[in-house]
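# A look at the structure
So the chains spell out like this:
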Amino acid sequence: MTTVDMWFDPVCPWAWIASRWLLEVEQVRQVRTRFQVFSLAVHNEGREVDAWYREWLDERWGPARVMLAAERAHGNDVLRDLYTAFGNRIHLDKAPIDRALSLAALAECGLPAELADAAESTDLDQALLAGNRAALDPIGEDLGVPAIHIPRPDGGVNAFFGPVVSPVPRGEAAGKLWDGVLLLAGTDGFFEIKRGRSRPIVD
């Protein structure tokens, strides 16, 4: 069994799709995903970004803060179900990013409502920054999420941004993409393969 670390911001649609892909991979390959919290708001703080993206980020600090607070209080295992609870509401139901969102996601997972208070607190922002650095140090700070780390036999890590894919590959198609990603990530000196996005995001 290979344990794969994936960093995500709950509000990122590409990370959401990649996470659902990894859950599909778990069904057809000997893989287990360990989810890790990332904050795009922290990552882009102080950076020059488009005005629309700055406004988008400024409205979306809360979910990552709440999820990290839940992990701190209840352990990493809570992130798997809590991410699903947040993600279904954000990406499928198009719910507003507000306190009601956090309360509903926490309640679904049987977690205390007071964890929602973290959305408006800066107390964990340094911890979010540390998590961001853990995700990006092996791949480059100009990237973001999805960020995936796969352990190598020598104790190192194959780390990369992506894959950026839509819609979610299912079943053996998910496994085949996993096989391809392993091949590319395991190739010494391989950096990038890319093409223009020709379709909308499909969850």
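A short tour of the structure in this document, coming up.

The rules behind these values
Residues numbered from 1 in each chain as written. Predicted model: local features only at pLDDT ≥ 70, side-chain atom pairs only at ≥ 80, totals over all residues. Heavy atoms only, no water. Buried < 20%, exposed > 50% of the residue type's maximum accessible area, 1.4 Å probe, protein only. Helix = DSSP H or I, 4+ residues; strand = E, 2+ residues; numbered from the N terminus. Pairing = 2+ DSSP bridges. Right-handed = clockwise from strand over helix to strand, strands pointing away. Expected span 1.5 Å × (residues − 1). Contact = heavy atoms within 4.5 Å. Phe/Tyr/Trp six-rings, centres within 6.5 Å; stacked < 30°, edge-to-face > 60°. Lys NZ or Arg CZ within 6 Å of the ring centre and 35° of its normal. Arc of directions from axis to C-beta. Patch = residues over 30% accessible without salt bridge, like charges linked within 9 Å, V, L, I, M, F, W, Y side chains within 5 Å. Areas by Shrake-Rupley, 256 points an atom, 1.4 Å probe, with all protein chains shown as cover. Salt bridge = Lys/Arg side-chain N within 4 Å of Asp/Glu carboxyl O.

Attention now goes to the pairing of strand β2 (residues 31–37). Within a regular strand, side chains alternate between the sheet's two faces. The buried fraction of β2 is high, at five of seven residues. As defined by bridge partners, strand β1 (residues 2–8) adjoins β2 across seven bridges and the pair is classed as parallel. Each bridged residue has a counterpart across the sheet, and for Met6 the counterpart in β2 is Phe35. As for the winding sense of the linkage, the β-α-β connection from β1 through helix α1 (residues 13–28) to β2 is right-handed.

Between its first and last C-alpha atoms α1 spans 24 Å; for 16 residues at 1.5 Å apiece the expected length is 22 Å, and the two agree. Burial analysis of α1 places 12 of its 16 residues in the buried class, the great majority of the element. Residues of α1 that are buried: Trp14, Ala15, Trp16, Ile17, Ala18, Ser19, Arg20, Trp21, Leu22, Glu24, Val25 and Glu26. Packed against the buried residues of α1 are β1, β2, α5 (78–92), β3 (147–151) and α8 (171–185).

Now for the packing of aromatic side chains. A full pass over the atoms with the stated rule returns seven aromatic pairs. With 6.0 Å between their ring centres and 85° between their planes, Phe8 and Phe35 make a pair best called edge-to-face. Highlighted residues: Phe8 in strand β1 and Phe35 in strand β2, separated in sequence by 27 residues. In this pair, the class of Phe8 matches that of Phe35, namely buried. Ring geometry for Phe8 against Tyr83: centres 3.8 Å apart, planes inclined by 15°, an arrangement best described as stacked. With Phe8 in strand β1 and Tyr83 in helix α5, this pair connects stretches of sequence that are 75 residues apart. The two residues Phe8 and Tyr83 agree in class, both being buried. The ring of Trp16 carries the charged tip of Arg20 above its face, separated from the ring centre by 4.0 Å. A cation sits over an aromatic face here: Arg20 above Tyr83, 5.3 Å from the ring centre.

What follows is about helix α7 (residues 125–136). An α-helix turns once per 3.6 residues; consequently, residues spaced three or four apart project the same way. In this model α7 runs 16 Å from its N-terminal to its C-terminal C-alpha over 12 residues, within 8% of the 16 Å that 1.5 Å per residue would give. For α7, the set of buried residues is Asp125, Leu128, Gly131, Asn132, Ala135 and Leu136. End-on view of α7: buried residues confined to an arc of 125°, all on one side of the axis. Looking at the packing, one finds that the buried side of α7 touches β1, β2, α2 (40–43), α4 (62–74) and β3.

The grouping of Leu184, Phe190 and Ile193 at the surface amounts to a nonpolar patch, some 270 Å² of accessible area in total. Tracing the sequence through the fold places Leu184 in helix α8.

Our next topic: the environment of Arg199. Within the element layout of this structure, Arg199 appears in the segment after α8. Linking Arg199 and Asp77, residues 122 residues apart in sequence, is a C-alpha distance of 34 Å. Contacts of Arg199, omitting those with residues within four sequence positions, involve Ser166 and Pro167.

Of all seven residues making up β1, five are buried, and the element is well covered by its neighbours. With three bridges joining them, β1 and β3 adopt antiparallel strand pairing. What sits directly across from Trp7, in β3, is Ala147.

Let's shift gears to unusual backbone geometry. Residues other than glycine predominantly adopt negative phi, and peptide bonds predominantly adopt the trans conformation. In the segment running from Val145 into Pro146, the intervening peptide bond is cis, with an omega of 10°. The residue after Ser166, namely Pro167, is reached through a cis peptide bond having omega 0°. In this fold, Pro167 is placed in the loop between β4 (157–161) and α8. Non-glycine residue Lys94 carries a positive phi angle of around 55°.

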